[in-house]
Amino acid sequence: IELWDRVSGRSRWKVAVERAGRVLAFSPDDSLLAVESELRLHLLDASTGATRHTLELENGASFAAFHPDGGHLLYPRSPDLVIFDLRAGRELAALRSEESSLEEWMADAQRGESTTAFHAHEVASSVTFSGDGGLAAVATHAGPRVYRWTDLLAASGRLPDPACAASSK
């Protein structure tokens, strides 16, 4: 990964990573850069390229979403949606949806109402925040979900009920 200064046109720093993945995101104040590599999410100091935190992943991450307050990061560690406190340098919560029933999914499939695959939990593919950070919109294979940020911060183990949701059907 190489960061260039757009004004001077010069390289600021270069950091070797193995097989950079699908995540490349700056924090709201541009002080951090999130980069996925080899089942790890690296949070790099944007001014120096030094690693501030390395977060372990189960599968490759599809996103890293910085909260507008600059103090939190959401990322997937399938099937969980993880909230990381950047100020404290620790994970606050790993939240997942209620478990789905394989039997119900199979019955839906026999009626021709199935999705492409069975997922025991909803799997997040991206997150974006409202401008004020009060809401988090989460895209899942089961459809979009919108959560109140305060509900996510207060949750433990299980995702709270969404403020609104829609089916992918």
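Analysis parameters
- In every chain, residue numbers begin from 1 and rise along the written sequence.
- Given that this is a predicted model, residues contribute local features only at a pLDDT of at least 70 and side-chain atom pairs are listed and counted only at 80 or more, while totals for whole chains, interfaces and linings are drawn from all residues.
- Calculated side-chain values reflect all of the structure's heavy atoms, with hydrogen atoms and water omitted.
- Should DSSP find at least two bridges between two strands, the strands are regarded as paired.
- To qualify as a helix, a DSSP run of H or I must reach at least 4 residues; to qualify as a strand, a run of E must reach at least 2; elements of each kind are numbered from the N terminus.
- Centres within 6.5 Å make a pair out of two Phe, Tyr or Trp rings, where for Trp the six-membered ring is used; the pair is then stacked when the planes are under 30 degrees apart, edge-to-face when over 60, and tilted otherwise.
- Note on exposure labels: buried denotes an accessible area under 20% of the residue type's maximum, exposed denotes more than 50%, and partly exposed covers the range between, all computed with a 1.4 Å probe on protein chains only.
- Polar contacts here mean pairs of N or O atoms no more than 3.5 Å apart (in protein, one a potential hydrogen donor and the other a potential acceptor; neighbouring residues in sequence count only if both atoms are side-chain atoms).
- Note on contacts: a residue pair is in contact if any heavy atoms of the two residues lie within 4.5 Å.
- A pairing counts as a salt bridge when a side-chain nitrogen of Lys or Arg comes within 4 Å of a carboxyl oxygen of Asp or Glu.
- Here, the term nonpolar core denotes a set of buried Ala, Val, Leu, Ile, Met, Phe, Trp, Tyr and Cys residues that are joined through side-chain atoms within 4.5 Å.

*Asks:* Explain the sheet that holds strand S7 (residues 65–66) to me, using residue names and the numbers behind them.
*Replies:* On the basis of which strands lie adjacent, the open sheet formed by four strands has the order S7-S8-S9-S10 and antiparallel pairing. In this open sheet, the two strands that pair with only one neighbour each are S7 and strand S10 (90–95). Alignment of S7 against strand S8 (residues 72–77), held across two bridges, turns out to be antiparallel. Bridged to Ala-65 within S8 is Leu-74.

*Asks:* So, the packing of aromatic side chains: which residues are in play, and what are the values?
*Replies:* The final tally for this structure, using the stated rule, is one aromatic pair. For the pair Phe-129 and Trp-149, a centre-to-centre distance of 5.4 Å together with 85° between the ring planes defines the contact as edge-to-face. Pair noted here: Phe-129 is in strand S11 (residues 124–129) and Trp-149 is in helix H2 (residues 149–154), with a separation of 20 residues, a long-range link. Of the residues examined, Phe-129 reaches a relative accessible area of 14% and is grouped as buried. Given the relative accessible area of 6%, Trp-149 is considered buried.

*Asks:* Run through the pairing of S11, naming residues and quoting values.
*Replies:* Relative to strand S12 (residues 135–140), S11 runs antiparallel, the two being bridged by five bridges. Residue Phe-129 lies in a different strand from S12, and its bridge partner there is Ala-136. Linking two consecutive strands that pair antiparallel, namely S11 and S12, is a turn of five residues; a positive phi of about 80° is found at Gly-133 within it.

*Asks:* Before we move on, can you summarise the sheet that holds strand S14 (residues 164–165) with the specific residues and values?
*Replies:* Spatially, the four strands line up as an open sheet ordered S11-S12-S13-S14, and their pairing is antiparallel. A single partner strand is all that each edge strand has here, and the edge strands are S11 and S14.

*Asks:* Could you give an account of the side chain of Thr-140, naming the residues involved and the relevant values?
*Replies:* Structurally, Thr-140 is set in strand S12. By relative accessible area, which is 14% here, Thr-140 ends up buried. At 3.1 Å, the side chain of Thr-140 forms a polar contact with the backbone nitrogen of Ala-142. In terms of polar contacts, Thr-140 uses its side chain to reach the backbone carbonyl oxygen of Gly-143, at 2.7 Å. If sequence neighbours within four positions are ignored, Thr-140 has contacts with Glu-122, Val-123, Ala-124, Ser-125 and Arg-145.

*Asks:* Give me the lowdown on the pattern of salt bridges, citing residues and values where you can.
*Replies:* Going through the model one piece at a time under the given rule, you end up with five salt bridges. With its nearest N and O atoms 3.3 Å apart, the salt bridge here joins Arg-40 to Glu-56. Here Glu-56 lies in strand S6 (residues 51–56) and Arg-40 lies in strand S5 (residues 40–45), a separation of 16 residues in the sequence. The class of Arg-40 is partly exposed, set by a relative accessible area of 34%. With a shortest N-O distance of 2.7 Å, Glu-91 and Arg-77 are connected by a salt bridge. Here Arg-77 lies in strand S8 and Glu-91 lies in strand S10, a separation of 14 residues in the sequence.

*Asks:* Help me get a handle on the nonpolar core, residues and values and all.
*Replies:* Among the nonpolar cores identified, the biggest contains 17 residues, and Leu-74, Leu-81, Leu-95, Val-127, Phe-129 and Leu-152 are the most heavily contacted of them. Elements supplying a minimum of two residues to this core: strand S9 (80–85), S10, S11, S12 and H2. With three residues, the single largest contributor to this core is S11. Sequence-distant contacts of Leu-74, that is, excluding residues within four places in its chain, are made with Phe-63, Ala-64, Ala-65, Leu-81, Val-82, Ile-83, Val-127, Phe-129 and Trp-149. Ranked by size, the runner-up nonpolar core spans 15 residues in total, among them Ala-25, Leu-32, Ala-64 and Phe-66.

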